[in-house]
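Understanding the architecture of this molecule
Each chain, letter by letter, is given below.
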Amino acid sequence: MDVSHILDGLNDAQRDAVSGEEQAALILAGAGSGKTRVLVHRIAWLMQVEGVSPYGILAVTFTNKAAGEMRERVQAMLQTPVSGMWIGTFHGIAHRLLRMHSKELGLPDAFQVLDSDDQFRMIKRLLKAMNIDDARWPPRQVQWFINAQKDEGRRAKHLAAGADPFEQKMIEIYTEYEVICQRSGLVDFAELLLRAHELIRDNVAVLEHYQQRFKHVLVDEFQDTNTIQYAWLRLLTQEAENLYVVGDDDQSIYGWRGAKIENIHRFQKDYPKHKLVKLEQNYRSTSTILNAANAVITHNDSRMGKELWTDGEDGELISLYAGFNDQDEARFVVDRIQHWAEQGNLRAEAAILYRSNAQSRLFEEYLMMSGIPYRVYGGQRFFERLEIKNALAYMQLATHLENDAAFERIVNTPTRGIGTRTVELVRERARAQGISLWQAANALCEGVELSGRAVNALSGFIKLMRDISGNLKSAVLFEQVNQVISQSGLIEFHKKEKGEKGEARVENLEELVNAARQFVYGAAGEEELSELDSFLAHAALEAGDTQGDKFEDCVQLMTLHSAKGLEFPLVFMTGVEEGLFPSQRSVDGIGRLEEERRLCYVGITRAMQQLYITYAESRRLHGQESYPMPSRFIREIPAELIQEVRLNARVSRPVTAEQPIGFRDESDAGFRVGQRVMHTKFGEGMVLNHEGRGAQARVQVNFDAVGSKWLMLAYAKLETM
DNA sequence: TAATCAGCTTTTTTT
DNA sequence: AAGCTGATTA
């Protein structure tokens, strides 16, 4: 068979990665080196050259988007649908396994997926029920603890009863949390992975089945795998050593959520016969941009060692702009984008990247003022919206009355006279007898503990839910959804809300019916679920895209994290300041700085033609004025790759190594001697002197009322006047 | 029971 | 600045 089309157009390293008989392989793929291409061609190679059936291939990604893209590209290349092939996210595949093997796992067969928001609420309620001080054990931290344990493969019973009372309590909560999830038939995201692991660890027959079925297992973004994901992959492939992974240690930016770069090293030890291929030729960026990225990332220790190169042009220098403040920074960026568009370029080819979501606001304001359309990534997604989650909760409870999370959410939404006191009694009863909230509510309606009014309200709710679940039997999916929404009274409830908020919510609810209409039943391979249950699982596992019109030509705004995997001809990396990027927390913590630097590397390598780096000399943060220093990352880029940009003209200033550009000579307090300032406690005064930089910066101020004082800038609330 | 107000906290994100 | 929580009030 002629296989030239699989290898044609690939460079040597890519060919090496795609072809060959090695079962295990580690492909270190730098940014823009054709990573997805290699994966897709590898799958084509396996099928067409080695004759592997689509059933014998398992391909795992982290996001639904990546999975969808991979499936599409494989199909385009093979000119045939590959529905039998398992391509999906870790969570999607785990979910599928759990559905198929719920009996072996002792799971309720109608279990539902608990998303992180519902998990958070669940934990909050649990803390209250257990009478735990949520100041000492904040629900966020508890959630983090539980998920971190699960990511490491540890159940509550595995945790040693240590002496530390704080941890002791955490373990206690974890134990209770597991009980309540099991009773409510709920499985959170981390639990999906943990159960999937336990399934093949504890059931030899199941393990052998999948070991035999999957002749090849391929993993994308391997540097982002956590402990449990690796353990799962390891079990699946330890016999045949048939694990093919693609990743980039320099782009590992999710350590804070459990990703373990060390998995790359473990892979090398665990699969001694593996092939190692480095993809270093970059097809995306100019060599100037690559040189800058390489220079920055070199400052990290413990890298696998990899250097991007291109045979393309040098391209333009990287532009550095020092905004006088954050508004000036935003003004500058928008101004440059306007220029770009005026020269006939697409606005969609320009991206504004920032470290934290809060920074998008100013850019949005200036873009709006200039009438430039834009799209903000991140933020709340369709299935996460309050009104949508409420509607989904009605469906969840109607199909699964034991679902306590759903019960809590809608028992008094819309308000129907069931107050906190009544719900409290329901909770107490449920807890005392170890039954679901639904059962407890039913029992209370029969009993005498509640006032007549409360019984009325509560039994009204019970009757409503019975009606709704009765009506679900016949109709097709979108009609079911439509019916639930109208019966629930949510439309009227949100219509009453004042302002445009209510209107938007009603529209979203209508959109939910639409989403149901477009839902393809069986696409996720979940034939064992009813159509509605399948739709609900889809809503939890794939929260949908963020708002925004994909088809309009608009500027792209997103965090550096969400930019990973994307590329743009024109990129603005903004807010490149100490304390913001790298973030304060990463500077304080050990080992976090390297990850921050990798994030910078990701940011730089998003740019194809032109990269702007901007920072502000003064910035309003949390309603406070701050005077940050330019980020250390700017200093790590060789000066000859940078040109400083001034207000209305570009000035290339010769720079020497001893005196990096963008740094002021004098102490960096950001205040001038003689300047009038305002302090919240001491009132008005005049700056006499200043010294130190960054966190150590101090100013001496002669206050009109209380005389001269030295103040730490980091703490003093000084405002310029 | 529901609405209003004052005080407190702040990365990054997918599933 | 803004959003959320808890407490207070109508």
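No experiment lies behind these values; they were computed from the predicted model shown.

Re the packing of helix α5 (residues 90-100) against helix α10 (residues 189-202)
- Two elements in contact, α5 and α10, have axes separated by 9 Å at closest approach and are oriented at 55°. Between α5 and α10, the interaxial angle falls into the category oblique. By crossing handedness, the relation of α5 to α10 is classed as left-handed. Note on element contacts: α10 touches α5 through Phe189, Leu192, Leu193, Arg195, Ala196 and Leu199, opposite Phe90, His91, Ala94, His95, Leu97 and Leu98.
- Split by residue class, the contact of α5 with α10 holds nine nonpolar, two polar and one charged.

Points about helix α28 (residues 592-604)
- With 13 residues, α28 ought to run about 18 Å at 1.5 Å a step, and its terminal C-alpha atoms sit 19 Å apart, in line with that.
- A large share of α28 lies buried, amounting to 10 of its 13 residues.
- Listing the buried residues of α28 in full gives Glu595, Glu596, Arg597, Arg598, Leu599, Cys600, Tyr601, Val602, Gly603 and Ile604.

A closer look at the protein's contact with DNA strand B
- Contacts to DNA strand B come from 28 residues, most closely from Asn64, Arg355, Gly419, Thr559 and Arg585.
- When the atoms of DNA strand B within 4 Å of the protein are sorted by group, sugar and phosphate make up 49%.
- A distance of 2.4 Å is found between a phosphate oxygen of DNA strand B and a side-chain nitrogen or oxygen belonging to Thr559.
- Taking His561, its side chain carries an N or O atom lying 3.5 Å from a base oxygen of DNA strand B.
- Going through the elements one at a time, α19 (420-433) and α26 (560-563) are the ones with two or more residues in the surface near DNA strand B.
- For the surface near DNA strand B, the residue count by class is six nonpolar, 18 polar and four charged.

A few points about the sheet that holds strand β10 (residues 350-354)
- Across the sheet, seven strands lie side by side as β11-β12-β10-β13-β14-β9-β17; this open sheet has parallel pairing. Looking at the sheet topology across the chains shown, the edges are occupied by β11 (374-376) and β17 (642-645). The mean inter-strand angle of the sheet, taken between neighbouring strand axes irrespective of direction, is 25°.
- Across four bridges, β10 lies against strand β13 (residues 568-573) in parallel orientation. Considered in β13, the bridge of Leu353 is made with Met573.
- Those strands touched by helix α15 (residues 326-342) are β9 (318-323), β10, β12 (555-559), β13, β14 (607-616) and β17, and its axis lies near 155° from that of β14.
- Against the sheet, helix α16 (residues 360-369) contacts β10, β11 and β12, and its axis sits at roughly 170° relative to β12.

What about the pattern of salt bridges?
- Taken as a whole and judged by the stated rule, the model has 45 salt bridges.
- Of the charged contacts, one joins Glu172 and Lys169 as a salt bridge, the two residues approaching to 3.8 Å between their closest N and O atoms. Of this pair, Glu172 and Lys169 both sit in helix α9 (residues 165-184), three residues apart, roughly one helical turn.
- For Glu172, a relative accessible area of 36% gives the class partly exposed.
- Its salt-bridge partner being Arg598, residue Glu595 comes within 3.5 Å of it at the nearest N-O pair. With Glu595 and Arg598 both in helix α28 and three residues apart, the pair spans about one turn of that helix. Of the two residues examined, Glu595 and Arg598, each falls in the buried class.
- Residues joined in a network through salt bridges with shared partners are Lys150, Arg155, Glu178, Asp188, Glu191, Arg195 and Glu198.

With respect to the sheet that holds strand β7 (residues 243-247)
- Strands sit in the order β3-β2-β6-β7-β1-β8 across an open sheet of six strands; the sheet is parallel. Strands at the two margins of the open sheet, each flanked by one partner only, are β3 (86-89) and β8 (275-279). Here the average twist between neighbouring strands, direction ignored, is 15°.
- Judged from the four bridges that link them, strand β2 (residues 57-61) and β3 form a sheet pairing that is parallel. Counted as the bridge partner of Ala59 is Ile87 from β3.
- Helix-sheet contacts for helix α4 (residues 64-78) involve β2 and β3, and the interaxial angle to β3 is about 160°.

Section: the domain arrangement of chain A
- Taken domain by domain, chain A comprises domain 1 (4-98 + 194-281), domain 2 (112-184), domain 3 (318-379 + 547-644), domain 4 (384-521) and domain 5 (650-721).
- Computed over C-alpha atoms, the centres of domain 3 and domain 4 are 43 Å apart.

With respect to the packing of helix α17 (residues 386-399) against helix α22 (residues 477-488)
- Interhelical geometry of α17 versus α22 gives an angle of 105° and a closest axis separation of 10 Å. Relative to α22, the element α17 is oriented roughly perpendicular. Where α17 abuts α22, its residues Ala391, Tyr394 and Met395 lie against Val481, Val484, Ile485 and Ser488.
- Classifying every residue of the contact of α17 with α22 gives six nonpolar, one polar and no charged.

Some remarks on the protein's contact with DNA strand C
- Close contacts around DNA strand C come from Lys124, Asp134 and His622, and that covers them all.
- In the environment of DNA strand C, a phosphate oxygen lies 2.8 Å from a nitrogen or oxygen atom belonging to the side chain of Lys124.
- Between DNA strand C and His622 there is a distance of 3.3 Å, counted from a base nitrogen to a backbone nitrogen or oxygen.

Focus on unusual backbone geometry
- The omega torsion across Thr413 and Pro414 is -5°, close enough to zero to call that bond cis.
- Despite not being glycine, Asn131 shows a phi value in the positive range, around 60°.
- Within the secondary structure, Asn131 sits in the loop between α7 (116-129) and α8 (139-151).
- Accessibility expressed as a relative area gives 72% for Asn131, which makes it exposed.
- Although it is not a glycine, Ser302 adopts a positive phi angle of roughly 50°.
- Along the polypeptide, Ser302 turns up in the loop between α14 (287-297) and β9.
- Among the residues examined, Ser302 registers a relative accessible area of 69% and is labelled exposed.

Describing helix α12 (residues 227-237)
- Of all 11 residues making up α12, nine are buried, and the element is well covered by its neighbours.
- Buried within α12 we find Thr227, Ile228, Gln229, Tyr230, Trp232, Leu233, Leu235, Leu236 and Thr237.
- At the N-terminal end of α12, a side-chain oxygen is found 3.2 Å from the backbone nitrogen of Ile228, two or three residues along, and the residue is Asn226.

Some remarks on the packing of aromatic side chains
- In total, this model carries 18 aromatic pairs according to the counting rule given.
- Residues Phe332 and Tyr612 carry aromatic rings whose centres are separated by 5.9 Å and whose planes lie at 65° to one another, so their mutual orientation is edge-to-face. Of the two residues, Phe332 sits in helix α15 while Tyr612 sits in strand β14, which places them 280 residues apart along the sequence. Residues Phe332 and Tyr612 agree in their burial class; the two are buried.
- Clustering of aromatic rings is evident, with ring pairs tying together Phe222, Tyr230, Phe267 and Tyr271.
- One residue, Arg234, lies across the ring of Tyr271, its end atom 4.8 Å from the ring centre.
- Geometry around Tyr254 places Arg257 over its ring, the cationic atom sitting 3.9 Å from the centre.

Each value, and the rule that gives it
- Residues numbered from 1 in each chain as written.
- Chains lettered and ligands numbered in written order.
- Predicted model: local features only at pLDDT ≥ 70, side-chain atom pairs only at ≥ 80, totals over all residues.
- Heavy atoms only, no water.
- Axes fitted to C-alpha atoms, helices over the stretch in contact; angles between N-to-C directions.
- Helix = DSSP H or I, 4+ residues; strand = E, 2+ residues; numbered from the N terminus.
- Parallel < 35°, antiparallel > 145°, perpendicular 65-115°, else oblique.
- Left-handed = near helix turned anticlockwise from the far one by under 90°.
- Contact = heavy atoms within 4.5 Å.
- Nonpolar A, V, L, I, M, F, W, Y, C, P; charged D, E, K, R; others polar.
- Expected span 1.5 Å × (residues − 1).
- Buried < 20%, exposed > 50% of the residue type's maximum accessible area, 1.4 Å probe, protein only.
- Near = heavy atom within 4 Å.
- Polar contact = N/O pair within 3.5 Å; in protein donor to acceptor, adjacent residues only side chain to side chain.
- Pairing = 2+ DSSP bridges.
- Salt bridge = Lys/Arg side-chain N within 4 Å of Asp/Glu carboxyl O.
- Domains from an automatic or database assignment.
- Phe/Tyr/Trp six-rings, centres within 6.5 Å; stacked < 30°, edge-to-face > 60°.
- Lys NZ or Arg CZ within 6 Å of the ring centre and 35° of its normal.

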